[in-house]
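Chain and residue survey
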Amino acid sequence: MYLDGSKPGSVAEEAVPDILALLGDRSTLERRAPAFRIEEARSRADMTAYRRLRREVFVYEQRLFAGHDVDDRDADPRTVVLVARDPDGTVVGGVRLGPVADGPDIGWWTGGRLVVAPGARGPQGIGGALVRAACARAEGEGALRFDATVQTRNEPLFRRLGWQRVRAVTVADTPHVLMRRPIGRVAALAAGTKSALGPLLAPLREPAVRASAARPDGRAPGTGARAVLGGDGFVGDDGAPVPGTDVIAACDAIVPSMVERDPDWAGWCSVLVNVNDLAAMGASPVGLLDALGARDASHAARVLAGLARAAEAYGVPVLGGHTQLGVPAALSVTALGRTRHPVPGGGGRPGHAVRLTADLGGGWRPGYRGRQWDSTTHRRTDELRAMTGAVAAARPAAAKDVSMAGIAGTLGMLAEAGGCRAVLDVAAVPRPRTATAGDWLTCFPGFAMLTADRPDAPPLPAGPAIGAVCGELTTGEGVGLRWPDGEITEAVTSTVTGMGAA
């Protein structure tokens, strides 16, 4: 924005000259003007200038190619070209990037044909800026793997920019190196949402009475009853079996900012997440209890309206709760369900197949694009019940409802609880056509269930939800993403919660 309040390219810019220009302050104008700018090439003239520069460098200067360096990537409509312009608008550099494979974009992108005009090379750092811009664009498009084949002499530049060497390759009879940009989107989400659980919950898993504590009656201290935190074999599960009963209890809170700005959706989700937690245990819901804080009665009414609609849609009664007004927004719901045979999250073992069963209907919730997928608000009660009853019907060895850690992070939790490592076949994951791979593997879906069982186990009978085997459990820890070329990139390198095996 200029000092007169107008933005570049606006009508005001044409009508009112820059104040600094009117004042003749050329030194300030020169300092303010960048040496170059990077933008997407959109016009035929931009593409012509970029390809002319490539020909001058790769064909005539470096003699890597004879005649031209155009290939199939240039004809792919998904290919994106970023160009660098000098202050006069002349294209002085460029790079292209886009999905690797034909067919659906599975989140594997590659960059290439990085070029800088001879006269623009040097301390300006145009090449490095183009690489950084390409990384940002690829990750913005949902890429979870980003490769580039670069000339050996350019390897130091890429290393300085955080890329990792994969292996040596040969292109046009010239030594090159395959480089890979580490993308930590999955690991960052898992760490931000779940990594604190192990240390925080450790006191609840220790004896309630410590040996150092003296009893009031003077008798020797005992070990006392333990806070079982889910019970034997159910560490880190979505629900907790109540000892001595067939009752499963689950409790989830909604992020306060969501309760504040989208109260109806928050109310709906408070039911959704708790019913899904019971469903992961193979339990049938019998009732809900809510605790609500709101700034006033109007805000509370909107939250409860969404909660009531969801409770009716899922066919689960609200048994009671607590409401307080005049306080910051807060919402948590406890759900009670019943099953005689709860399915653990930690029942997976090396050799088990991983299956994702997800409802791909619906779309991104307005205001939460790339983060929350709404597949449930348009579903009938019978469809919702078919999905939430699928684990109980199939009884897999292990099951976990996809949580805030996303599909890949939740898979890491399932693997951790079973003392395993998980490998996820990215191309086999059921995914909506309108969701990128990066968004889908890290979002909160309306209904998505991860299960582990023997390879010949039947699919979950989940009504409108789509299921597919898309990985397996192995020895080790963490989550690897396996790509169609057989390469495995690390999504989570260690345990997710730190709570350990069940």
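Here we come to the sheet that holds strand 2 (residues 80-85). What the seven strands build is an open sheet, ordered 1-2-3-4-5-7-6; its pairing is mixed. Of all the strands in the sheet, the pair left with one neighbour each is strand 1 (37-40) and strand 6 (164-171). Ignoring strand direction, the axes of neighbouring strands in this sheet form an average angle of 25°. The pairing of strand 5 (residues 145-151) with strand 7 (residues 174-181) spans six bridges and is classified as antiparallel. Within strand 7, the position partnered with D147 by the bridge is R180. Most of the contacts of helix 4 (residues 44-61) go to strand 4 (residues 108-116), to which it runs at about 70°, and overall it touches strand 1, strand 2, strand 3 (91-99), strand 4 and strand 5.

Here the focus is the packing of aromatic side chains. One pass over the structure, following the stated rule, counts six aromatic pairs. Relative to W483, the ring of W108 has its centre 6.4 Å away and its plane inclined at 55°; by these criteria the two rings are tilted. Of this pair, W108 sits in strand 4 while W483 sits in the loop between strand 20 (479-482) and strand 21 (488-492); the two residues are 375 residues apart in sequence, bridging distant segments of the chain. Across this residue pair, the class does not change: W108 and W483 are buried. With a centroid separation of 5.1 Å and an interplanar angle of 85°, the aromatic rings of F158 and W163 are classed as edge-to-face. Like W163, F158 is buried.

Moving on: unusual backbone geometry. Keep in mind that most residues, glycine aside, have a negative phi and that most peptide bonds are trans. Despite not being glycine, R113 has its phi angle at roughly 50°, a positive value. Within the element layout of this structure, R113 appears in strand 4. Of note in the backbone geometry, R395 takes a positive phi value of approximately 50° without being a glycine. Mapping R395 onto the fold places it in the loop between helix 14 (390-394) and strand 16 (398-401).

Along helix 13 (residues 381-388), the residues classified as buried are E383, L384, M387 and T388. Down the axis of helix 13, the buried side of the element spans an arc of 125°, and every buried residue falls inside it. Against helix 11 (263-280), helix 12 (297-314) and helix 14 lie the buried residues of helix 13.

Turning to the nonpolar core, a few remarks are in order. I254, Y314 and L331 are the most contacted members of the largest nonpolar core, which has 47 residues in total. Of all the secondary-structure elements, those providing two or more residues to this core are strand 9 (247-254), helix 10 (256-261), helix 11, strand 10 (284-294), helix 12, strand 12 (330-338), helix 13 and helix 14. Residue contributions to this core peak at eleven residues, all from helix 11. Residue contacts for I254: discarding those within four places in its chain leaves V259, A266, C269, S270, V273 and L331. Within the second largest apolar cluster, 40 residues are counted, among which are A358, L450, L473 and L481.

Quick notes on the rules
- Residues numbered from 1 in each chain as written.
- Predicted model: local features only at pLDDT ≥ 70, side-chain atom pairs only at ≥ 80, totals over all residues.
- Heavy atoms only, no water.
- Pairing = 2+ DSSP bridges.
- Helix = DSSP H or I, 4+ residues; strand = E, 2+ residues; numbered from the N terminus.
- Axes fitted to C-alpha atoms, helices over the stretch in contact; angles between N-to-C directions.
- Contact = heavy atoms within 4.5 Å.
- Phe/Tyr/Trp six-rings, centres within 6.5 Å; stacked < 30°, edge-to-face > 60°.
- Buried < 20%, exposed > 50% of the residue type's maximum accessible area, 1.4 Å probe, protein only.
- Arc of directions from axis to C-beta.
- Core = buried A, V, L, I, M, F, W, Y, C linked by side-chain atoms within 4.5 Å.

Functional significance is not addressed by these values, which are geometric in nature.
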